[in-house]
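Letter by letter, the chains look like this.
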Amino acid sequence: CSYLCSASDTGTVHVFSLHDSSINRKLRCVPAPVNTGLLGPYAGSEWSFAKFTVPWRPGGGVLAVFVGPTTVVAVCGDGSYYKYKFNTEGNCSREAYDRLLEVEPEEW
């Protein structure tokens, strides 16, 4: 299955299914102003298939990337690292946490 992950401005990482829309049972698409390009109707989505939240501070930022078919890593502006796995029911479980850098809030 093909998935898309994105991190919100509040530290929530969302996972959307692009290939099998039947597992997006919570997904409600709303009309997007422009419904073209890579995201298509997902550009106006209000609900993700799976999600998890990492600690977040204003200005800190979160980068979310896939490192496996059902594994997402989130690296936060404070130097923290989170690894989560998700299943087809949308359940997420944290597999790993580490502090990559000791960053003071003034530095980010």
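Structure report, in brief. (Residues numbered from 1 in each chain as written. Predicted model: local features only at pLDDT ≥ 70, side-chain atom pairs only at ≥ 80, totals over all residues. Heavy atoms only, no water.)

## Points about the sheet that holds strand E5 (residues 71-76)
And then number 1: Across the sheet, which stays open at both edges, the four strands sit in the order E4-E5-E6-E7 with antiparallel pairing between neighbours. Where the open sheet ends on each side, the last strands, each with one partner, are strand E4 (62-68) and strand E7 (92-99). Neighbour-to-neighbour, the strand axes of this sheet turn through a mean angle of 20°, independent of strand direction. (Pairing = 2+ DSSP bridges. Helix = DSSP H or I, 4+ residues; strand = E, 2+ residues; numbered from the N terminus. Axes fitted to C-alpha atoms, helices over the stretch in contact; angles between N-to-C directions.)

## As for the packing of aromatic side chains
And then number 1: Evaluated as defined, the whole model comprises seven aromatic pairs.
And then number 2: Each ring, one from phenylalanine 49 and one from phenylalanine 86, has its centre 6.1 Å from the other, and the planes form 80°; the classification is edge-to-face. Taken together, the residues span a long stretch of sequence, with phenylalanine 49 in the loop between strand E2 (12-17) and strand E3 (50-53) and phenylalanine 86 in strand E6 (residues 80-86) at a distance of 37 residues.
And then number 3: Judged by relative accessible area, which is 5%, phenylalanine 49 ranks as buried.
And then number 4: Geometrically, the ring pair formed by phenylalanine 52 and tyrosine 84 is stacked, given 3.8 Å between the ring centres and 15° between the ring planes. Here the residue phenylalanine 52 occupies a position in strand E3, and tyrosine 84 occupies one in strand E6, the gap between them amounting to 32 residues. (Phe/Tyr/Trp six-rings, centres within 6.5 Å; stacked < 30°, edge-to-face > 60°. Buried < 20%, exposed > 50% of the residue type's maximum accessible area, 1.4 Å probe, protein only.)

## Digging into the pairing of E6
And then number 1: With burial as the criterion, only one face of E6 is covered, namely that bearing Ser80, Tyr82, Tyr84 and Phe86; the residues Tyr81, Lys83 and Lys85 on the opposite face remain uncovered.
And then number 2: Where E5 meets E6, five bridges bridge the pair, whose relative direction is antiparallel. Directly across from threonine 71, in E6, lies its bridge partner lysine 85.
And then number 3: Between E5 and E6, which pair antiparallel in sequence order, lie three residues; one of them, glycine 79, sits at a positive phi of approximately 95°.
And then number 4: Where E6 lies against E7, seven bridges are found, and the strand directions are antiparallel. Along E7, the bridge assignment pairs serine 80 with arginine 99.

## Remarks on the nonpolar core
And then number 1: Counting 16 residues, the largest nonpolar core has Val13, Val15, Phe52, Val54, Val72, Ala74 and Phe86 as its most contacted members.
And then number 2: Contributing elements (two or more residues each) for this core: strand E1 (3-7), E2, E3, E4, E5 and E6.
And then number 3: Once residues lying within four places of it in the same chain are set aside, the contact partners of phenylalanine 52 are Gly11, Thr12, Val13, Val72, Ala74, Tyr84 and Cys92. (Core = buried A, V, L, I, M, F, W, Y, C linked by side-chain atoms within 4.5 Å. Contact = heavy atoms within 4.5 Å.)

## Looking at a nonpolar patch on the surface
And then number 1: Together, Leu63, Val65, Val67, Val75, Leu100 and Leu101 give the surface a local cluster of nonpolar side chains, amounting to about 520 Å² of exposed area.
And then number 2: Relative to the elements of secondary structure, leucine 100 occurs in the segment after E7. (Patch = residues over 30% accessible without salt bridge, like charges linked within 9 Å, V, L, I, M, F, W, Y side chains within 5 Å. Areas by Shrake-Rupley, 256 points an atom, 1.4 Å probe, with all protein chains shown as cover. Salt bridge = Lys/Arg side-chain N within 4 Å of Asp/Glu carboxyl O.)

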